[in-house]
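These are the residues of each chain, in order.
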Amino acid sequence: MITSADNPKLKQIRKLQTKRERARTRLFVAEGEDLVEAADAVGLEPEMLLAADSADPRATAVEPKLLHAASALGSGSRLIAVYRQKWSQPGGDVSVYLHGVGDPGNVGTIIRSAHAFADGPVILGPGCADPYSPKAVRASMGSIFARPPARARFERLPGTRVAFVAGAAADYEADRPVVLCFGSERGGLPDGAELTAGIPMRAGLDSLNVAMAATVAMYEQFRMARHG
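The sections below set out a description of the structure shown in this document. Remember, it's a predicted structure, so these values are computed and weren't measured experimentally. (Residues numbered from 1 in each chain as written. Predicted model: local features only at pLDDT ≥ 70, side-chain atom pairs only at ≥ 80, totals over all residues. Heavy atoms only, no water.)

### Let's talk about the nonpolar core
Alright, step 1. Formed by 41 residues in total, the largest nonpolar core has its most connected members in Y83, L98, I110, F145, L180, F182 and M218.
Alright, step 2. At six residues, helix α8 (residues 210-226) tops the list of elements feeding residues into this core.
Alright, step 3. In this structure L98 touches V107, I110, V122, I123, L124, G125, C128 and F182, once residues within four positions along its chain are discounted.
Alright, step 4. Counting 15 residues, the second-largest nonpolar core is a separate cluster that includes I2, L16, M48 and V62. (Core = buried A, V, L, I, M, F, W, Y, C linked by side-chain atoms within 4.5 Å. Buried < 20%, exposed > 50% of the residue type's maximum accessible area, 1.4 Å probe, protein only. Helix = DSSP H or I, 4+ residues; strand = E, 2+ residues; numbered from the N terminus. Contact = heavy atoms within 4.5 Å.)

### Brief notes about the sheet that holds strand β8 (residues 160-164)
Alright, step 1. The six strands are arranged β7-β6-β5-β9-β8-β10 in an open sheet whose pairing can be described as parallel. Two strands close off the open sheet at either side, each with one partner strand: β7 (150-151) and β10 (195-197).
Alright, step 2. Bridging between strand β6 (residues 122-124) and β7 involves two bridges; their strand directions are parallel. Among the inter-strand pairings, L124 is bridged to a residue of β7, identified as R151.
Alright, step 3. Set on the sheet, helix α5 (residues 104-117) makes contact with β5 (94-99) and β6; between it and β6 the angle comes to about 145°. (Pairing = 2+ DSSP bridges. Axes fitted to C-alpha atoms, helices over the stretch in contact; angles between N-to-C directions.)

### Remarks on the pairing of strand β4 (residues 79-84)
Alright, step 1. Of all six residues in β4, five are buried; the element is thus mostly enclosed.
Alright, step 2. With five bridges connecting them, strand β1 (residues 27-31) and β4 associate as antiparallel partners. If you follow E31 over to β4, its bridge partner there is I80.
Alright, step 3. In terms of strand pairing, strand β2 (residues 48-51) meets β4 through four bridges, oriented antiparallel. Paired with A51 across the bridge in β4 is L79.

### Here's the deal with the side chain of S77
Alright, step 1. Summarising the element assignment, S77 is placed in the loop between α4 (64-70) and β4.
Alright, step 2. One polar contact links the side chain of S77 to the main-chain carbonyl oxygen of L79, over a distance of 2.9 Å.
Alright, step 3. With sequence-adjacent residues up to four places away left out, S77 is seen in contact with E31, G32, L67, H68 and S71. (Polar contact = N/O pair within 3.5 Å; in protein donor to acceptor, adjacent residues only side chain to side chain.)

### Thoughts on the packing of aromatic side chains
Alright, step 1. Tallying each qualifying case throughout the model produces 10 aromatic pairs.
Alright, step 2. Where F28 meets F145, the ring centres are 5.9 Å apart and the plane angle is 35°; that geometry is what we call tilted. Linking F28 in strand β1 with F145 in helix α7 (residues 143-146), this pair joins segments that are 117 residues apart in sequence.
Alright, step 3. On the basis of an interplanar angle of 75° and a centroid distance of 5.4 Å, the ring pair of F117 and Y219 is categorised as edge-to-face. Residue F117 is located in helix α5, and its partner Y219 is located in helix α8; the two are separated by 102 residues in the primary sequence. (Phe/Tyr/Trp six-rings, centres within 6.5 Å; stacked < 30°, edge-to-face > 60°.)

Right under this line is the structure:
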């Protein structure tokens, strides 16, 4: 059992809370049974598994207060795993491109929605939050394992680029593959999209949170595909 806060494994967990360490090692942290089960479901084995109370034979036992102290969760954690990052290639009939989306919760939520409604990955452009940060991993609810993100620049996206902007018409026709493109509310998207589209709303509002907007747009593509 680990009984010292200076244990190398606990030190690594704490270091991986920083973007620099995640970039250097290509590792990331996932906390809680649900995320570990999601990784197991797609055959991903942890590089390290620490537990305060677990029957998992892979786990190294840790004093609960020490594991809680290493956790990124305010309430602490009883199971912390370390995994190697995976990245996809852009592709699929329907994928999503994000440009300058800096909130990791939004990035993780969109990865979750893409897992539900799209066959392609979430493609991250410049200025996006780290999808392997603790907040993004939690927001993905395990979809980060089944549907790893991709990286590409806007001008190199593989398909018809549909830019979603406030005030644009809702209806559009695009041959697949199609890439649904979303920028930050302040920064927007680069020029060059083949089509623009919007999401109709009741009077008085002209925008949605980017994760909500991306989910609505993906669901509409999913719905249209199912109903011909």
